Amino acid sequence: MGPDAVDTAALVAAAQGGDRAALERLLRHQHDRVWAVCRRVVGNDADASDAAQEALLAIVRGLPRFDGRAAFGTWCYRIATNAALDELRRRRRRPALGEPDAPFEPGDGADPGPAFDLRVADRLRLDEALARLPEEFRLPVVLRDVCDLDYAEIAETLQIPPGTVRSRIARGRAAVATWLRNQDPELDRPSDRP
């Protein structure tokens, strides 16, 4: 068990005992991870923020019942995944208004150059490809490739067998690659790069 795990375990115990500062540290530590899962599952910043807020509230409400059978981070990912799925269901029930989220614009007024533009374009294409995946494939791919969970943690988070996790990740990645190739035929050409 690494030092971070011991620190997390101590923070969890303190937060369960009513230590507000420990709870705030736990939530700060998990916020970016929770938001990243929500963002990739729901596909836009506004809904991701709503889902992340719901997930953090669920973490606070559920903390007294957290028993340590799973790693705290894995437990949080499961809550975030459920909150994101709930947000997707809510979004399907409400009418779509306005335009989709605008791409990130740098705020300092400086021209970031073509490398930045390419990174933003690549990220937007990848986000669109992930958004097109059915949930059953998107969730394992996001948890593996964005959150860097191992197969056992993903299986525990999604409550599916590890073999199913592997096959869904393989099929999801293949679908993303196919979609990206269809959007950009240049990806099929041999690279001049070493």
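Within every chain, residues take consecutive numbers counted from 1 along the sequence as written. Residue-level local features of this predicted model are given only where pLDDT is at least 70; pairs of side-chain atoms are given and counted only at 80 or more, and the full residue set underlies all totals for whole chains, interfaces and linings. The side-chain values count all of the structure's non-hydrogen atoms but skip hydrogen atoms and water molecules.

(A) Seen up close, the packing of aromatic side chains. Side-chain rings of Phe, Tyr and Trp (the six-membered ring for Trp) are treated as a pair once their centres are within 6.5 Å; stacked means planes under 30 degrees apart, edge-to-face means over 60, and tilted covers the remaining angles. The tally for this structure, following the rule as stated, stands at three aromatic pairs. A centroid spacing of 4.9 Å and a plane angle of 50 degrees characterise the contact between F66 and W75, whose relative ring orientation is tilted. Counting every residue linked through ring pairs, the aromatic cluster contains F66, F72 and W75. Our definition puts a charge over a ring when NZ of Lys or CZ of Arg is within 6 Å of the ring centre and also within 35 degrees of the ring normal. Sitting over the ring of Y151, R144 keeps its end group 5.6 Å from the ring centre. Lying over the aromatic face of Y151, R166 brings its terminal NZ or CZ to 4.9 Å of the ring centre.

(B) Looking closely at the nonpolar core. As used in this record, nonpolar core signifies buried Ala, Val, Leu, Ile, Met, Phe, Trp, Tyr and Cys residues forming a set joined through side-chain atoms within 4.5 Å. Partly exposed residues are those whose accessible area sits between 20% and 50% of the maximum for their type, while under 20% is buried and over 50% is exposed, using a 1.4 Å probe and protein chains only. Counting 40 residues, the largest nonpolar core has V34, C38, I59, L63, F72, W75 and L143 as its most contacted members. Strands are runs of DSSP state E lasting at least two residues, helices are runs of H or I lasting at least four, and both sets are numbered from the N terminus onward. Within the residue set of this core, elements represented by two or more residues are α1 (3–16), α2 (20–42), α3 (45–62), α4 (72–93), α6 (135–146), α7 (151–158) and α8 (162–183). If one sorts the elements of this core by residue count, α4 sits on top with 10 residues. Here, residues are in contact when the closest pair of their heavy atoms is within 4.5 Å. When sequence neighbours within four positions are dropped, the list of residues in contact with L63 reads V12, A15, Q16, L23, F72 and W75.

(C) View of the packing of α6 against α7. Where α6 meets α7, the closest approach of the two axes is 10 Å, and the angle between their N-to-C directions is 135 degrees. Taken together, the axis directions place α6 and α7 in an arrangement best described as oblique. Here the hand of the crossing between α6 and α7 comes out right-handed. On α7, the residues touching L139, P140, L143 and R144 of α6 are Y151, I154, T157 and L158. Partitioned by chemical class, the residues of the contact of α6 with α7 number six nonpolar, one polar and one charged. As a rule, the C-alpha atoms of each element are fitted with a line to give its axis, helices using only the stretch in contact, and angles between N-to-C directions run from 0 to 180 degrees. Here the word oblique covers every angle except those under 35 degrees (roughly parallel), over 145 (roughly antiparallel) and from 65 to 115 (roughly perpendicular). In a left-handed crossing the near helix is turned counterclockwise from the far helix by less than a right angle, and in a right-handed crossing that turn is clockwise. Under the scheme applied, nonpolar residues are Ala, Val, Leu, Ile, Met, Phe, Trp, Tyr, Cys and Pro; charged residues are Asp, Glu, Lys and Arg; polar residues are all the others, including Gly.

(D) The arrangement of the pattern of salt bridges in detail. The rule for a salt bridge is simple: a side-chain nitrogen of Lys or Arg has to be within 4 Å of a carboxyl oxygen of Asp or Glu. One pass over the structure, following the stated rule, counts nine salt bridges. Close ionic contact of R39 with D45 constitutes a salt bridge, the shortest N to O distance being 2.6 Å. Classification of R39 by relative accessible area gives buried; the value is 9%.

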